[in-house]
Amino acid sequence: RSFCVILCDLHLTRVVEKSCRGRCSSFVTGGAQEVRFRSVSVTPHPLPCRSMKTAVFCASVACASALRITSPVEQLAVLEELMGASEGFVAPAQRHNAVSRSSRAARVGKSSVAMLDTSALSRAADESRGLAMDSIAAAKSGHLGLPLGAAEIGAVLYGDVLQQNPEDPQWLNRDRFVLSAGHGSMFLYSWLHLAGYDLPKDELKRFRQHHSMTPGHPEFPSSEHNTPGIESTTGPLGQGVSNAVGMAAAAKMAAARFNTPEHKIIDHHIFALCGDGCMQEGVFAEAAAFAGHEGLDNLIVMYDSNAVTLDKMADWTMSEETADRLTALGWDVVTLEDGHDLQAIKAAVDNAKANKNGKPKMIVCKTEIGRGIPEVAGKTAAHGEGGVKYVDEARKALGLPEEKWYVSPETYDFFGKHREEQKKKYEEWQNTFAAWKSANPELARTLNAGVSKEWGTEEQVLAAIPEFDASKNIATRIAGETVINAVAKAVPLYVSGSADLHGSNKNYIKDAGNYGKPFPGGDKSYAGRNLYFGIREHAMGSIMNGFAYYGIFRISGATFLVFADYMRAPVRVASLSELPVSYIWTHDSIGVGEDGPTHQPVEVVSSMRVMPKLDVYRPCDPEETAAAYAASIGRIDGPTALILTRQNVRTISEVPASVKREGSLKGGYVIRQEKAALEGIIMATGSEVQHAIAAAEKLGDGWRVVSMPCLERFDRQSQAYKDSVLPPSMRNRFAIEAGVTGLWYKYVGMDGYVVGVDRFGFSAPGDIVMKELGMTADNLVEKIQAHSKTLTPA
């Protein structure tokens, strides 16, 4: 490649001069003896040029060569900068499907790269580094590496490309940004402050302190925190970028459901910033496959590729070409060899936003972790607070004054002007939205209900579910099939999905369409309410959380209970973040039978019950199942697990449906009232309630049976109610459940006894497994009689 710049005439000189403004330290016109472009200068040969287009192309080749840019995509970015002021220029066809050194690049459309104030953004990047240094040093805790290494990415995102209005952080049509590498939280807090969100500098100074708005890892607004601009609780690596997949899927659904030919009210992107750790976590492999398959081209992932993990350099644990893997999964991938180049980042993001080709986008940014602290930059020591002892010298080298948490007036002024520009787009959208509401009042009411989380009260949902035929004994998963379809009719924004188990989980919503990218011979659309997650429970949980973070839709997802452990991490985050999601976990016990102990979950129900803020429902019959679904819809401050049987259970026909429904909403109630002086209490859930009632009948009129479908709900009732169900004076208490026994002693007390399954099951027909492991009325009676003899009467 030649190092010459061929300038054919004064007009081309103006083109290059205009496109380089703000980046060139000098430009000699009229013959052009020297051109300074970015950080290099090139000297042209006085050769004739047959056309301006050829001249611009040759100029770009020379500049790219001088800058040692080898990636065709980045060479293209140089070309587009030079040709940006030239009217009607079309880039050469060779730019399509270019392959860089480390990735198969995206097909890039015609660029409209706008001019950047690189001076202001560079200053802001360094000042964001200073904010991170000062906050982490003051806290004596935190992670310096990412905030310093990805500062230029933050500058371009928050200083230019994100569609946001900091004065309305819940704006429906905003771009969402998820910091998947949540350990680098000072990156996010610094940029939210600079961008003008209601995050005062004093809160940056209180980083990681009690009751601050800047916890160690970003936390979605909840009863514990309310930091504006936080779109997702992150920290567990891989979760945030997988949440972003869910948000992108939800945005596609919202656009399909609410946009009209006349008015486009949903038109934005989902951004995520992740690192090598997120790439290594298996959950992102699952979520990325889903995103690629379903064509989520509104998703843009910025990969902070600094080749460093906490323990060692990344090449100790990974040798894959991540970009190639994502390309194989159906993504467009572009690699920026210099992830600190503001113009290159801007060009890549603009192209990603403009390219609606049915593929999610990844921009691999080769960065230097801990940039700005030479003693640790590019090393594992930069990951955490290892660079704190060098902060003072580093700040001086960056040109920052001695004042800590310094932000220059110029930077505040720059972001103030940027906010004004953002407001113009925001106000234009508000006008469009107002016209849309006027033209579509029914859609507007539905959308408002979703945004406000007003999907329906428990009473409203229950009223929409018809009572079941009490003479029929069916599995609670079969009852769930009837219930979920009644719920879906009553709640238009209710959506559900399954990990390849719709036929077994029985959670398919009839006549509601299938979600996803349309394909020949298929019936998918983005308006469909049935999601197909594939055999990806971990990603399913994270994508469901993404739907909940996005808002509007009431999401549920299903698999076998024994596979719930695959999705435990996102269930924990949903609980922590108080997300209104529902898990439909069927095949709940040793009653699964022939599949054997690998598929018989004896410990999972109890393990989920110990999760704070997660309601776990295990209903005993169809009416309790109806109440469990209604409770899950009515709850907007946390997730709910619905645990359903594979096998048929007896419908408790002697108890009115209304009593079972009302009692189940309270978590526990008397399902069999004693007919004489109280002698004892038997508690049970799910398929064992029928055995508890049968045992009480054999024991006599003095025995009460309490159905406890949801222990967590019962615990939240008034003390008076709980005492009326479980009188404190009655110590003769028993419980039965086809699972481990430990948690039940909270309710039966030290004098009580629990009949359960404190071992793994075995392969045999379900009724035989149940009988052999003691889940029968006869065995319960035997255990009660034997244990009662050891107690002193209350």
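Source: prediction; values computed, not measured.

(A) Looking closely at the overall build of the protein chain. When you go through the protein chain residue by residue, the secondary structure sums to 30 helices and 20 strands. Counting all 794 residues of the protein chain, 61% fall into the buried class. Sequence-distant contacts, at least 24 apart, represent 74% of the contacts inside the protein chain between residues at least 6 apart. About 30500 Å² of surface is accessible on the protein chain, with carbon and sulfur atoms providing 51% of the total.

(B) Expanded view of unusual backbone geometry. Even without a glycine there, the phi angle at His211 is positive, about 65 degrees. Accessibility expressed as a relative area gives 65% for His211, which makes it exposed. With phi around 70 degrees, Lys613 is a residue other than glycine that occupies positive phi space.

(C) Local environment of the sheet that holds strand E4 (residues 270-275). The strand order across the open sheet formed by five strands is E3-E4-E5-E7-E6, and the pairing between neighbours is parallel. Each having just a single partner strand, strand E3 (176-179) and strand E6 (332-336) make up the two edges of the open sheet. Here the strands of the sheet are splayed against their neighbours by 15 degrees on average, with no regard to which way each runs. Across the sheet, helix H7 (residues 185-195) touches E3 and E4, and the angle it forms with E3 is around 145 degrees. Seen against the sheet, helix H9 (residues 239-258) touches E3, E4 and strand E5 (299-305) and runs at an angle of roughly 165 degrees to E4.

(D) Local environment of helix H4 (residues 118-139). The terminal C-alpha atoms of H4 lie 31 Å apart, and with 22 residues this matches the ideal 32 Å at 1.5 Å per residue to within 8%. Burial of H4 is extensive: 16 of the 22 residues sit out of reach of the surface. Trailing H4 by a residue or two, Lys140 shows a phi angle of about 55 degrees, which is positive.

(E) Highlighting the nonpolar core. Grouped together as the largest cluster of nonpolar side chains are 110 residues, with contacts concentrated most on Trp331, Met362, Phe553, Tyr583 and Trp585. Ranked by the residues each element gives to this core, the list is headed by H9, at 11 residues. The residues contacting Met362, other than those within four sequence positions of it, are Met279, Phe284, Val301, Tyr303, Leu326, Trp331, Asp332, Val333 and Val334.

(F) Highlighting the side chain of Asn243. Mapped onto the fold, Asn243 is located in helix H9. A distance of 2.9 Å separates polar atoms of two side chains, one belonging to Asn243 and the other to Ser232. Apart from the residues within four sequence positions on either side, Asn243 is in contact with Ser232, Thr233, Ser542, Asn545, Gly546 and Tyr549.

(G) Layout of the packing of aromatic side chains. Tallied over the entire structure, the rule returns 21 aromatic pairs. On the basis of an interplanar angle of 10 degrees and a centroid distance of 4.7 Å, the ring pair of Trp429 and Phe433 is categorised as stacked. You can see Trp429 and its partner Phe433 sitting in helix H15 (residues 409-439), four residues apart, about one turn around the helix. Of the residues examined, Trp429 reaches a relative accessible area of 8% and is grouped as buried. Residues Phe563 and Tyr566 carry aromatic rings whose centres are separated by 5.9 Å and whose planes lie at 25 degrees to one another, so their mutual orientation is stacked. Taking the relative accessible area as the measure of exposure, Tyr566 reaches 53% and is therefore exposed. Ring pairing ties together the aromatic residues Trp171, Phe258, Tyr426, Trp429, Phe433 and Trp436, which thus form one cluster.

(H) Spatial organisation of the pairing of E4. Burial runs high along E4: six of the six residues are buried. Burial along E4 is two-sided: the face carrying Ile270, Ala272 and Cys274 and the face carrying Phe271, Leu273 and Gly275 are both buried. Here E3 runs beside E4; their pairing, made up of four bridges, is parallel. Bridge pairing links Phe177 to Phe271 in E4.

(I) Representation of the packing of helix H20 (residues 537-550) against helix H21 (residues 568-577) in the model. One way to put it is that H20 packs onto H21 with a least axis distance of 8 Å and a crossing angle of 25 degrees. As far as their axial angle goes, H21 and H20 are roughly parallel. Along the contact surface, H20 presents His538, Gly541, Ser542, Asn545 and Tyr549, while H21 presents Ala569, Pro570, Val573, Ala574 and Ser577. Split by residue class, the contact of H20 with H21 holds five nonpolar, five polar and no charged.

(J) Geometry of the state of the cysteines. Evaluation of the coordinates by the stated rule reveals zero disulfides. The closest cysteine sulfur to the non-disulfide-bonded Cys365 is located on Cys274, 9.8 Å from its own sulfur. The exposure class of Cys365 is buried, given its relative accessible area of 0%.

(K) Spatial organisation of the sheet that holds strand E19 (residues 733-736). Strand order in the open sheet formed by five strands is E16-E18-E17-E19-E20, and the pairing between neighbours is mixed. On the outer flanks of this sheet lie strand E16 (669-672) and strand E20 (753-755), each paired with one strand and no other. Here the strands of the sheet are splayed against their neighbours by 30 degrees on average, with no regard to which way each runs. Note that E16 and strand E18 (residues 703-707) share three bridges and pair antiparallel. When the bridges of E18 are listed, Tyr669 appears paired with Ser707. Across the face of the sheet, helix H30 (residues 777-788) comes into contact with strand E17 (680-684), E18, E19 and E20 while running at roughly 160 degrees to E20.

(L) Representation of the packing of H9 against H20 in the model. The N-to-C vectors of H9 and H20 enclose an angle of 55 degrees; their axes lie 7 Å apart at closest approach. Relative to H20, H9 is oriented oblique. Every pair of crossing elements has a handedness; the one defined by H9 and H20 is right-handed. On the side of H9, the interface is formed by Gln239, Ser242, Asn243, Val245, Gly246, Met247, Ala249, Ala250, Ala251, Met253 and Ala254, while H20 contributes His538, Ser542, Ile543, Asn545, Gly546, Phe547, Tyr549 and Tyr550. Of the residues in the contact of H9 with H20, the class split is 11 nonpolar, eight polar and no charged.

(M) The arrangement of the side chain of Glu537 in detail. The residue Glu537 is located in helix H20 in this model. No salt bridge is formed by the buried Glu537; its nearest oppositely charged neighbour, Arg536, is found at 9.2 Å. Among residues more than four places away in sequence, those in contact with Glu537 are Glu286, Ala499, Thr559, Phe563, Tyr566 and Met567.

(N) Spotlight on helix H13 (residues 342-354). Between its first and last C-alpha, H13 extends 18 Å over 13 residues, near the 18 Å set by a 1.5 Å rise per residue. Along H13, 12 of the 13 residues are buried, which leaves the element largely enclosed by surrounding structure. Along H13, the residues classified as buried are Leu342, Gln343, Ala344, Ile345, Lys346, Ala347, Ala348, Val349, Asp350, Asn351, Ala352 and Lys353.

The rules behind each value
Residues numbered from 1 in each chain as written. Predicted model: local features only at pLDDT ≥ 70, side-chain atom pairs only at ≥ 80, totals over all residues. Heavy atoms only, no water. Helix = DSSP H or I, 4+ residues; strand = E, 2+ residues; numbered from the N terminus. Buried < 20%, exposed > 50% of the residue type's maximum accessible area, 1.4 Å probe, protein only. Contact = heavy atoms within 4.5 Å. Areas by Shrake-Rupley, 256 points an atom, 1.4 Å probe, with all protein chains shown as cover. Pairing = 2+ DSSP bridges. Axes fitted to C-alpha atoms, helices over the stretch in contact; angles between N-to-C directions. Expected span 1.5 Å × (residues − 1). Core = buried A, V, L, I, M, F, W, Y, C linked by side-chain atoms within 4.5 Å. Polar contact = N/O pair within 3.5 Å; in protein donor to acceptor, adjacent residues only side chain to side chain. Phe/Tyr/Trp six-rings, centres within 6.5 Å; stacked < 30°, edge-to-face > 60°. Parallel < 35°, antiparallel > 145°, perpendicular 65-115°, else oblique. Nonpolar A, V, L, I, M, F, W, Y, C, P; charged D, E, K, R; others polar. Disulfide = S-S within 2.5 Å. Left-handed = near helix turned anticlockwise from the far one by under 90°. Lys, Arg positive; Asp, Glu negative; His and termini not counted. Salt bridge = Lys/Arg side-chain N within 4 Å of Asp/Glu carboxyl O.

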